[in-house]
Amino acid sequence: MDVIQKVLKNDLCTGCGLCSSLFPSKIVVNKGEYNRPVCSKKLNGDEQAIFRTVCPGINQASIKTNSSHPIWGPIEKCYIGYSNDNEIRYLGSSGGIVTQTLLYALDKNIVDLVIQIGVDKRNPLESFSKVSRSREDLLEATGSRYSPASPLEYFLQTLRDNPNKRIAFVGKPCDCVALRNLMSIDNDVKNAVKLIVSFFCAGTPSRSGVRRVAEALDYNVDIPVENFYFRGKGWPGKTTLVQNGLSTTMEYSRSWGEILGPTIQSRCKLCADGTGEVADIVSADVWHSDDRGYPLFTESDGQGLVLARSETGKSIVEKMVINNVITVTDYDIEQLSKVQVTQFERKSTILVRHIAKQIGGFVFFSMSNQRMMAAAKYATLYKHLRVFVGSFLRVIKGRM
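All values reported here derive from a predicted model rather than from experimental measurement. (Residues numbered from 1 in each chain as written. Predicted model: local features only at pLDDT ≥ 70, side-chain atom pairs only at ≥ 80, totals over all residues. Heavy atoms only, no water.)

**Observations regarding unusual backbone geometry**
The step from Trp235 to Pro236 runs through a cis peptide bond, and the omega angle for that step is 5°. Summarising the element assignment, Pro236 is placed in the loop between strand 10 (225-229) and strand 11 (239-243). Here Lys233, not a glycine, exhibits a phi torsion of approximately 55°, which is positive. Here Lys233 lies in the loop between strand 10 and strand 11. For Lys233, a relative accessible area of 35% puts it in the partly exposed group. A positive phi angle, close to 60°, is found at Asn369, a residue other than glycine. (Helix = DSSP H or I, 4+ residues; strand = E, 2+ residues; numbered from the N terminus. Buried < 20%, exposed > 50% of the residue type's maximum accessible area, 1.4 Å probe, protein only.)

Set out below in structure tokens:
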């Protein structure tokens with residue numbers, strides 16, 4: 001069995017699409033419940049070695065720095081903030097930080113184009129990889145997209161079509177890992193990519209989950225969908241379906257918490273990096289909380305984490321602040337566990353979930369520099385035992 005078949009058999013694929021970009025004559029991305037590679041020809045030995053290096057499903061490496069927090073990863077600067085452009089702040093998911101960063105990079109000629117995910121206008125329930133070169137392009141891609149997406153599916157083809165162009169990339173943390181892995185073996189890619197931006201990710205839901213959300217919004221299959229967005233246009237923003245000029249909406253807490261979240265793909269349950277550790281700049285929701293510390297999802301003006309993970313990211317964030325592009329205040333990263341509870345618990349228990357997969361499924365993969373032992377100290381022995389037993393049972397039942 002070749003390496004791709006092993007990845008698929010053991011539910012380790014993240015759906016990033018990079019293998020299709022690397023080997024387009026042999027691999028295409030099938031868009032079923034999740035995005036998965038389909039091979040028309042077997043990879044040769046050299047190609048399989050490349051695949052083993054770049055695939056984030058089996059090589060989810062982080063970056064080792066002196067500034068790494070055991071849970072939250074590399075940190076150069078940490079703020080909470082929002083875009084000073086009211087339109088971007090309103091349309092974006094978390095204060096518009098991601099969109100504003102990309103626009104700043106384009107405006108200041110740091111990059112020439114952005115590779116990111118946007119809404120598929122032919123079917124707004126779907127997402128697709130797009131190239132943005134202007135404010136208008138970026139605004140079309142604002143807001144979270146939770147349908148399965150493969151932002152690296154045409155990455156190398158885009159590079160070849162845009163020679164000598166400086167590129168910014170936006171993707172899920174696993175997508176960014178795949179790109180960093182590729183940059184480690186391809187100098188042309190390393191020289192072209194000037195900025196990597198990510199966000200906190202809780203997993204990729206299935207297309208069935210997306211359809212169930214649409215159906216809960218009275219989706220009519222016989223009427224074209226004019227617009228569909230999961231979040232944005234407020235904070236957190238409502239999930240909205242537009243057909244025949246009429247809008248139906250759903251609270252974010254229901255669309256994600258009750259419908260989409262339970263359908264995330266298996267590999268996401270073993271993720272050691274849901275926080276974009278290899279990106280230059282990361283944003284995330286920093287929810288307002290009640291007196292007990294529980295996050296509140298009431299609609300309000302957007303705000304988000306502004307986390308610079310590299311010197312490149314630190315420089316851009318500082319310049320955005322100086323140029324009054326974003327408004328920020330210092331943020332104590334130790335407070336993040338109170339509002340990003342899922343990310344905190346996943347990282348602190350990744351060691352036992354990893355062991356459960358190895359023992360229960362005889363499956364081995366690399367998570368180098370993920371600080372699993374250090375992160376484990378943030379959870380109790382009881383928590384580790386409970387997570388291990390639950391994970392082991394899911395593994396032997398084929399659900400993880």
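Moving on from the coordinates now.
**So, the environment of Val282**
Here Val282 lies in strand 13 (residues 281-283). On the basis of relative accessible area, Val282 is assigned to the buried category, the value being 0%. Other than its neighbours up to four places away in sequence, Val282 contacts Ser198, Phe199, Phe200, Thr275, Gly276, Leu305, Val306, Leu307 and Arg309. (Contact = heavy atoms within 4.5 Å.)

**Section: the packing of aromatic side chains**
Tallying each qualifying case throughout the model produces 9 aromatic pairs. Each ring, one from Tyr252 and one from Trp287, has its centre 6.0 Å from the other, and the planes form 35°; the classification is tilted. Of this pair, Tyr252 sits in helix 11 (residues 252-260) while Trp287 sits in the loop between strand 13 and strand 14 (304-308), and the two are 35 residues apart along the sequence. Side by side, Tyr252 and Trp287 carry an identical accessibility label, which is buried. One aromatic cluster is present, built from ring pairs that chain together Tyr146, Phe228, Phe230 and Trp256. The ring of Tyr82 is capped by Arg89, whose NZ or CZ atom sits 3.6 Å from the centre of that ring. (Phe/Tyr/Trp six-rings, centres within 6.5 Å; stacked < 30°, edge-to-face > 60°. Lys NZ or Arg CZ within 6 Å of the ring centre and 35° of its normal.)

**With respect to the packing of helix 14 (residues 350-361) against helix 16 (residues 381-396)**
One way to put it is that helix 14 packs onto helix 16 with a least axis distance of 8 Å and a crossing angle of 35°. Note that helix 14 runs across helix 16; the crossing there is right-handed. Where helix 14 abuts helix 16, its residues Val352, Arg353, Ile355, Ala356, Lys357, Ile359, Gly360 and Gly361 lie against His384, Val387, Phe388, Ser391, Phe392, Val395 and Ile396. Split by residue class, the contact of helix 14 with helix 16 holds 9 nonpolar, 4 polar and 2 charged. (Axes fitted to C-alpha atoms, helices over the stretch in contact; angles between N-to-C directions. Left-handed = near helix turned anticlockwise from the far one by under 90°. Nonpolar A, V, L, I, M, F, W, Y, C, P; charged D, E, K, R; others polar.)

**Observations concerning the nonpolar core**
Core analysis: the biggest nonpolar cluster contains 59 residues, and Phe155, Val189, Phe228, Leu305 and Leu336 have the highest contact counts within it. At 6 residues, helix 8 (residues 173-183) tops the list of elements feeding residues into this core. One finds Tyr79, Leu102, Leu139 and Leu195 within the second-largest nonpolar core, a separate group that totals 26 residues. (Core = buried A, V, L, I, M, F, W, Y, C linked by side-chain atoms within 4.5 Å.)

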